[in-house]
Amino acid sequence: MAATDYKFEGWMGLDSSAIEGKMVWKEFEPKPWEETDIDIKITHSGICGSDLHTLRSGWGPTQYPCCVGHEIVGTAVRVGSKAEGNIKVGDVVGVGAQNDSCQGRKGDCEACASGLEQYCPNNMVGTYNSTHLNGGKSYGGYALYHRAPSHFVIKVPDNISPSAAAPMMCGGITTYSPLRHNGCGPGKTVGIIGVGGLGHFGIMFAKALGADRVVAISRKDNKREDALKLGADAYIATDDDKDWVQNNSRSLDLIVSTVSSSKMPLVDYISLLKTNGNFVQLGVPEDGALAIPAAALIMKRVKFGGSLIGSPSEIREMLELAAEKNVQTWVQERPMQDANQAVVDMDAGKARYRYVLVNQQ
């Protein structure tokens with residue numbers, strides 16, 4: 001299929017009112033084609049919290065017009081002559097939140113050389129709202145087609161449905177990577193704060209990696225049943241159990257926090273960790289900075305850190321595990337034409353636990 005056979009069109013946020021369901025369907029110019037690229041006919045595109053932050057300029061000024069969406073799955077329709085990954089036209093492929101990095105093109109980059117492209121200090125190019133190394137602007141997956149450097153295009157295993165795979169490209173890997181990096185597995189007790197798009201993956205991947213005990217932590221009791229169905233061994237509702245801190249003190253080796261609020265009770269959360277425990281923060285609050293609870297860290301030699309998405313090799317590893325352990329995203333499909341309403345519903349917290357936009361044609 002030649003490049004001229006299809007148009008790049010998608011839902012554009014033109015200003016911060018886009019978050020109110022005011023995206024506009026428009027044609028856009030993808031990055032200039034290179035022979036290392038792959039064009040994807042999008043079938044499925046997950047809605048991620050990052051999309052909402054970007055649409056409203058919550059993390060700083062957005063480069064409008066902006067087409068968000070970085071949980072992309074579809075069919076490869078054009079494969080460059082120098083493309084990586086043994087991908088052929090017709091293959092089902094996915095793209096996550098990163099679309100480019102220096103990959104050594106700007107001299108030696110230790111991150112890219114060691115398979116940690118998401119930490120590239122030279123060019124960490126996002127799948128949308130960024131600028132590619134060749135000067136083209138990056139546009140995301142609320143669209144008909146997507147163009148990406150092949151290094152960041154991942155084959156989807158046959159036994160994972162495109163609808164389940166799409167949210168794994170960002171939501172899944174964002175929790176899998178810190179779990180894997182921090183030794184989640186047999187003998188470990190793991191807490192997941194927040195039972196939502198990220199948190200539901202955190203529970204499932206902690207179990208898939210073999211953790212002895214997984215504890216879901218949320219403010220209200222209303223997600224208890226879901227958390228236990230997802231595989232959690234226990235559930236803590238911090239608003240509804242006044243003794244939750246004392247009852248669960250020093251019980252966890254690792255906590256992964258998926259929530260984005262500067263008001264979270266960090267000292268209480270850290271009290272749940274054992275000596276030498278790890279606290280990993282994934283959510284980036286819009287409402288202010290997180291205060292470092294120095295005393296709570298010092299008294300138990302706790303490590304307080306963060307984690308950013310995952311590299312292409314980690315995404316492949318995660319998909320293999322998901323295929324092997326039958327990890328199934330909890331998905332609610334929405335037609336691509338209803339993207340505006342889906343964004344409004346996502347912002348209102350209605351997703352259980354990931355909306356996926358589906359191109360009907």
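Residue indices begin from 1 for each chain and proceed along its sequence in written order. Totals for whole chains, interfaces and linings use all residues, but because this is a predicted model, local features are given only for residues with pLDDT of at least 70 and pairs of side-chain atoms are given and counted only at 80 or more. Side-chain measures were taken over the full set of non-hydrogen atoms in the model, leaving aside hydrogen atoms and water.

## Comments concerning the overall build of the protein
Elements are defined by DSSP. Helices are runs of H or I of four residues or more, strands are runs of E of two residues or more, and each kind is numbered from the N terminus. Each helix and strand in the protein was counted, giving 10 helices and 17 strands. For the radius of gyration, the atom set is restricted to C-alpha positions; the globular benchmark scales as 2.2 Å times the number of residues to the power 0.38. Relative to the compact-globule value of 21 Å for 361 residues, the protein shows a C-alpha radius of gyration of 20 Å, a close match. Dimensions of the protein along its principal axes, counting C-alpha atoms only, are 65 × 45 × 40 Å. A buried classification covers 57% of the 361 residues belonging to the protein. In this analysis, two residues are considered to be in contact whenever any of their non-hydrogen atoms come within 4.5 Å of each other. Expressed as a percentage of contacts within the protein between residues at least 6 apart in sequence, the contacts between residues at least 24 apart total 71%. Exposure classes here rest on a 1.4 Å probe applied to the protein chains alone. A residue is buried below 20% of its type maximum, exposed above 50%, and partly exposed in between.

## Concerning the environment of Gly-194
Structurally, Gly-194 can be placed in the loop between strand E10 (189-193) and helix H4 (197-208). Linking Gly-194 and Met-169, residues 25 residues apart in sequence, is a C-alpha distance of 19 Å. With residues near it in sequence (within four places) discarded, Gly-194 still touches Gly-199, Ile-217, Thr-258 and Val-259.

## Some words on the side chain of His-53
Mapped onto the fold, His-53 is located in helix H1 (residues 49-55). Residue classification places His-53 among the buried positions, given a relative accessible area of 12%. Whenever two N or O atoms come within 3.5 Å, that pair is a polar contact, provided that in protein one can donate a hydrogen and the other can accept it, and provided that, for residues adjacent in sequence, both atoms are side-chain atoms. Side-chain polar atoms of His-53 contact the side chain of Glu-286, separated by 2.4 Å. Look past the residues within four positions of His-53 in its chain and what remains in contact with it is Gly-58, Trp-59, Ser-260, Val-284 and Glu-286.

## Digging into the sheet that holds strand E15 (residues 303-306)
Strand pairing is defined by DSSP finding a minimum of two bridges between the two strands. As summarised here, the arrangement of the 6 strands in space is E12-E11-E10-E13-E14-E15, forming an open sheet in which the pairing is parallel. Where the open sheet ends on each side, the last strands, each with one partner, are strand E12 (234-237) and E15. Geometrically, the sheet is characterised by an average inter-axis angle of 20° between neighbouring strands, direction not taken into account. By the bridge criterion, 5 bridges tie strand E13 (residues 252-257) to strand E14 (residues 273-281) in an arrangement that is parallel. Across the sheet, the residue bridging to Leu-252 is Leu-273, located in E14. Helix axes are fitted to C-alpha atoms over the stretch in contact, other axes to C-alpha atoms as well, and angles between N-to-C directions run from 0 to 180 degrees.

## Focus: a nonpolar patch on the surface
What goes into a patch is any residue over 30% in relative accessible area without a salt bridge, connected to like charges within 9 Å or, for nonpolar side chains (Val, Leu, Ile, Met, Phe, Trp, Tyr), within 5 Å. Where accessible areas are quoted, they stem from the Shrake-Rupley method and a 1.4 Å probe; at the residue level, only the protein chains shown are allowed to cover. One side-chain nitrogen of Lys or Arg within 4 Å of one carboxyl oxygen of Asp or Glu is enough to make a salt bridge. Together, Leu-116, Tyr-119 and Leu-308 make up a nonpolar patch on the protein surface, roughly 240 Å² of accessible area in all. Along the polypeptide, Leu-116 turns up in the loop between helix H2 (110-113) and strand E7 (125-126).

## Notes on the domain arrangement of the protein
Domain start and stop points were drawn from an automatic or database domain assignment. Domains assigned within the protein are domain 1 (9-170 + 310-358) and domain 2 (172-306). Relative placement of domain 1 and domain 2: their C-alpha centres are 26 Å apart. Across the contact, 24 residues belong to domain 1 and 23 residues belong to domain 2. Taken together, the connections running from domain 1 to domain 2 amount to 2 salt bridges. We note a salt bridge from Glu-286 to Arg-56, for which the minimum N-O separation is 3.1 Å. For the pair domain 1 and domain 2, the number of links is 14 residue pairs in polar contact (both at pLDDT 80 or more). Contributing elements (two or more residues each) for the side of domain 1 that touches domain 2: helix H3 (162-181) and helix H9 (312-325).

## Notes on the pairing of strand E17 (residues 354-358)
In terms of burial, E17 is largely enclosed, as 5 of its 5 residues are buried. Residues of E17 alternate between two faces, with Arg-354, Val-356 and Val-358 on one and Tyr-355 and Leu-357 on the opposite face, all of them buried. Where strand E3 (residues 37-46) meets E17, 3 bridges bridge the pair, whose relative direction is antiparallel. What sits directly across from His-44, in E17, is Val-358.

## Regarding H3
How far a helix is expected to stretch is found by multiplying one less than its residue total by 1.5 Å. The terminal C-alpha atoms of H3, which comprises 20 residues, lie 26 Å apart, in line with the 28 Å expected from a rise of 1.5 Å per residue. The angle between axes fitted to the seven residues ending at a residue and the seven residues starting there is what we call the bend at that residue. At Met-168, H3 shows its maximal kink, close to 55°. Among the 20 residues in H3, 17 count as buried, and that is most of the element. One or two steps after H3, the chain reaches Gly-183, where phi turns positive at roughly 75°.

## Quick notes on unusual backbone geometry
Most of the time, phi is negative for any residue but glycine, and the peptide bond is trans. Cis geometry marks the peptide bond from Tyr-64 to Pro-65, where omega comes out at -5°. Secondary-structure assignment places Pro-65 in the loop between H1 and strand E4 (72-79). A cis amide bond links Arg-352 with the next residue in sequence, Tyr-353, at an omega value of 0°. In this structure, Asn-86 takes a positive phi of about 55° despite not being glycine.

## Section: the UniProt feature "domain: Alcohol dehydrogenase-like C-terminal" (unreviewed entry) in the protein
UniProt positions are given in the numbering used here, feature names are shortened, and annotations may be inferred rather than shown by experiment. Sequence positions flagged by UniProt for "domain: Alcohol dehydrogenase-like C-terminal" (unreviewed entry) are, in local numbering, residues 197-323. As a span, residues 197-323 carries 36% helix and 23% strand, and end to end its C-alpha atoms are 19 Å apart.

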